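# Close look at the chain arrangement
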Amino acid sequence: MRASVHARLGDIAASIAALEARFGKQLSVALALREQHGAGISHHKPRPPDAVLFAASTEDVREAVRICARHDTPIIPYGTGTSMEGHLAALHGGVCIDLSRMTKIIAVHAEDMDAVVEPGVTREALNSFIRDTGLFFSIDPGANASIGGMTATRASGTNAVRYGTMRENVMALKVVTADGELIAIGNRAKKSSMGYDLTRLFVGSEGTLGLITEITVKLHPQPQCIASAVCAFETMKGAVDTVIQTIQLGAPPARMELLDEFSISAVNKHSKMNLKVAPTLFIEFHGSDSAVGEHARSVQEIAAENGGGDFIWSLLPEERARLWKARHESGWAAREMRPGCMNWTTDACVPISQLAENILAARADLDSGAIPGRIIGHVGDGNFHVTYLVMPDLPHELAEAERLANRVVERAIACEGTASGEHGVGYGKIPHMRREHGAGIELMRAIKQALDPRNIMNPGKILPD
Ligand SMILES: Cc1cc2nc3c(=O)[nH]c(=O)nc-3n(C[C@H](O)[C@H](O)[C@H](O)COP(=O)(O)OP(=O)(O)OC[C@H]3O[C@@H](n4cnc5c(N)ncnc54)[C@H](O)[C@@H]3O)c2cc1C
């Protein structure tokens, strides 16, 4: 586990005593709870915080931050704990501030197509709440994550190819800074050129610059027609070329997801489906009836030229829901294929023209390597995940996964892509930061120093020592 040399261990015990006096039962030092809060969903080593505080309001967050700041105590914000790069590990101990009880939907401005929420509101809760407005919130990581956590990791998911990521969908924030002040940044206007874009700075900051206590997000009209289809291909190259040519047409479908043979076998078993075991695209079209029909026809033609079979359509809402649930659960499905294993997942994202080369090289590595794995991806964005199914107690398997994952990242950066399209850095991807950003790291460090001079906000994450 890496440790930041910058973190100064303060008097954590004094912070806990003061927090206990102020918050009573909202604070817990129970080991099981601390362990749960120091782990995300990943192969990275967890580390429990010294205490967990359940904040109920922005005022709670401000007071807790002031107490921790007084004693130089590290603070680790927590949403729903589904992040994948060791984001939540309390590398220097400290207090985890759990925001999952801040679940108010403060406003829905249907006429302006936006909503203002507290950070603990999950994406599914927001979508249930606004169902009758004819609008929806588009970002859908596979987990039912909190909107605070999704903002903090700059998350995306299957819909990003058409509706963008959290970067494009967050309009304004309220943030408690490292000294306990509350700042409001951004606004609800569709565009603004008033100064530095602080909203974008906090989106993806992983709790290292402040705690987000309110988020204004964009909503989108529910499309008149939605049609999902599955198309199996003779080769992986055919499937990826179909994606590239479709994107190059300039009108992407709403979703375009690749699953390799291994993933399809796993999904068939886990979700009791009967899909042909072959490289497969899951595609979804949104729009008017006529636009969807026309769009689908042109993608079908491209697929046929690349060795794709017939489209198998899911038109009814419940059929579509089943299909996308299976896609979202494919990570758990893969894990079940090797009992006792855990997922080691990469997250490279490359310019679309480089996608085939990168995916095929990752597949070749997997085929020649010693551990099983699968490839799945939000390929419409150029983002793909290679998941190595490793036995946690076999060091040679962990070493092999690390070697193969490094090769995925090296190839992505060599073609001007990124090591992480959506999962973020945590501490797991710190080794790639310098390679990807070069001297840009020093600018990031200067920002961190300006906003969090005592380095108490989730220390040891994002920036290399
Ligand atoms: C099965 C599965 C599928 C997934 N699929 C996707 C996917 O398709 N796309 C994708 O992008 N991700 C995916 N993820 C990863 C994960 O869901 C996202 O990273 C998500 O955004 C994390 O949200 P969370 O609420 O769980 O945050 P947490 O894990 O609780 O926290 C994540 C980070 O944000 C910080 N943080 C949390 N809340 C706040 C706040 N209010 N203020 C400041 N900092 C905060 C934390 O300190 C931490 O650094 C998947 C995860 C799983 C388990």
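Quick caveat, the model's predicted, so the values are computed rather than measured.

Attention now moves to the domain arrangement of the protein chain. As assigned here, the protein chain comprises domain 1 (105-221) and domain 2 (224-423). Once you take the C-alpha centre of each, domain 1 and domain 2 turn out to be 26 Å apart. Across the contact, 15 residues belong to domain 1 and 16 residues belong to domain 2. Together, the buried faces of domain 1 and domain 2 total about 1200 Å²; carbon and sulfur atoms form 45% of this surface. On the domain 1 side of the contact with domain 2, Thr 158, Val 161 and Arg 162 bury the most area, a combined 50% of that side's loss. With its nearest N and O atoms 3.1 Å apart, the salt bridge here joins Asp 140 to Arg 255. At the junction of domain 1 and domain 2, the tally comes to 8 residue pairs in polar contact (both at pLDDT 80 or more). In terms of residue count, the dominant contributor to the side of domain 1 that touches domain 2 is helix α6 (residues 160-163) (4 residues). For the side of domain 1 that touches domain 2, a count of residues per class yields 5 nonpolar, 6 polar and 4 charged.

Another aspect to go through is the site of the ligand. Taken together, 36 residues form the shell around the ligand, and within it Pro 77, Thr 80, Thr 82, Ser 83 and Ser 146 come nearest. Measuring from an oxygen atom of the ligand, one finds a backbone N or O atom of Ser 156 at 3.0 Å. Protein chains shield 96% of the accessible area of the ligand, which is 970 Å² for the free molecule. Sorting the residues of the shell around the ligand by element identifies β3 (75-78), α5 (147-153) and β10 (210-218) as the ones contributing at least two each. Its residues placed into classes, the shell around the ligand shows 16 nonpolar, 18 polar and 2 charged. Counting the residues that make up the shell around the ligand, at least three belong to each of domain 1 (105-221) and domain 2 (224-423).

A word on the packing of aromatic side chains. On inspection of all chains with the given rule, the structure shows 4 aromatic pairs. Ring geometry for Phe 285 versus Trp 313: centroids 6.0 Å apart, planes at 40°, classification tilted. Of this pair, Phe 285 sits in strand β14 (residues 280-287) while Trp 313 sits in strand β15 (residues 312-314), and the two are 28 residues apart along the sequence. With a relative accessible area of 0%, Phe 285 lands in the buried category. Residue Trp 313 is classed as partly exposed on the basis of its relative accessible area of 32%. The interplanar angle of 50° and the centroid separation of 5.6 Å between the aromatic rings of Phe 311 and Trp 313 together place this pair among those described as tilted. Overall, Phe 311 belongs to the buried group, its relative accessible area being 8%.

Let us look at the pairing of strand β9 (residues 182-186). Bridge count between strand β8 (residues 170-177) and β9: 5 bridges; the pairing is antiparallel. Counterpart to Val 175 in the pairing with β9 is Ile 183. Connecting the antiparallel pair β8 and β9 is a turn made up of 4 residues, with Gly 180 showing a positive phi of about 90°.

What follows deals with the pattern of salt bridges. This model, assessed by the stated rule, comprises 27 salt bridges. Linking Arg 435 and Glu 410 is a salt bridge whose minimum nitrogen-to-oxygen distance equals 3.3 Å. Placement of the pair is Arg 435 in helix α16 (residues 433-437) and Glu 410 in helix α15 (residues 395-414), with a sequence separation of 25 residues. Among the ionic pairs, Arg 445 bridges to Glu 442, the shortest N-O distance being 3.4 Å. Taken together, the positions of Arg 445 and Glu 442, both in helix α17 (residues 440-451) and 3 residues apart, correspond to about one turn of that helix.

Before going further, it helps to spend a moment on the nonpolar core. Ranked by internal contacts, the top residues of the largest apolar core, which has 45 residues, are Leu 281, Leu 355, Ile 359, Phe 384 and Tyr 388. Here the element with the most residues in this core is helix α9 (residues 236-249); it accounts for 6 residues. Contact partners of Phe 384, with chain neighbours within four places excluded, come to Thr 346, Asp 347, Ala 348, Leu 355, Asn 358, Ile 359, Ala 362, Ile 375, Ile 376, Gly 377 and Val 408. Ala 115, Met 150, Ala 155 and Leu 173 belong to the second-largest nonpolar core, a separate cluster that totals 25 residues.

Right, let's get into the pairing of strand β4 (residues 95-98). Of the two faces of β4, the one holding Val 95 and Ile 97 and the one holding Cys 96 and Asp 98 are both buried throughout. Bridge count between strand β2 (residues 51-54) and β4: 4 bridges; the pairing is parallel. Bridge pairing in β4 places Leu 53 opposite Ile 97.

What follows deals with helix α1 (residues 12-23). An ideal rise of 1.5 Å per residue puts 16 Å on 12 residues; α1 measures up with 16 Å between its terminal C-alpha atoms. Within α1, burial applies to Ile 12, Ser 15, Ile 16, Leu 19 and Phe 23. The arc that holds the buried residues of α1, viewed along the axis, is 95°, so those residues lie on one side. Away from its buried face by more than 90 degrees, α1 exposes Ala 13 and Ala 21.

Basis of the calculations
Residues numbered from 1 in each chain as written. Predicted model: local features only at pLDDT ≥ 70, side-chain atom pairs only at ≥ 80, totals over all residues. Heavy atoms only, no water. Domains from an automatic or database assignment. Contact = heavy atoms within 4.5 Å. Buried area = accessible area lost by both parts, 1.4 Å probe. Salt bridge = Lys/Arg side-chain N within 4 Å of Asp/Glu carboxyl O. Polar contact = N/O pair within 3.5 Å; in protein donor to acceptor, adjacent residues only side chain to side chain. Helix = DSSP H or I, 4+ residues; strand = E, 2+ residues; numbered from the N terminus. Nonpolar A, V, L, I, M, F, W, Y, C, P; charged D, E, K, R; others polar. Near = heavy atom within 4 Å. Areas by Shrake-Rupley, 256 points an atom, 1.4 Å probe, with all protein chains shown as cover. Phe/Tyr/Trp six-rings, centres within 6.5 Å; stacked < 30°, edge-to-face > 60°. Buried < 20%, exposed > 50% of the residue type's maximum accessible area, 1.4 Å probe, protein only. Pairing = 2+ DSSP bridges. Core = buried A, V, L, I, M, F, W, Y, C linked by side-chain atoms within 4.5 Å. Expected span 1.5 Å × (residues − 1). Arc of directions from axis to C-beta.

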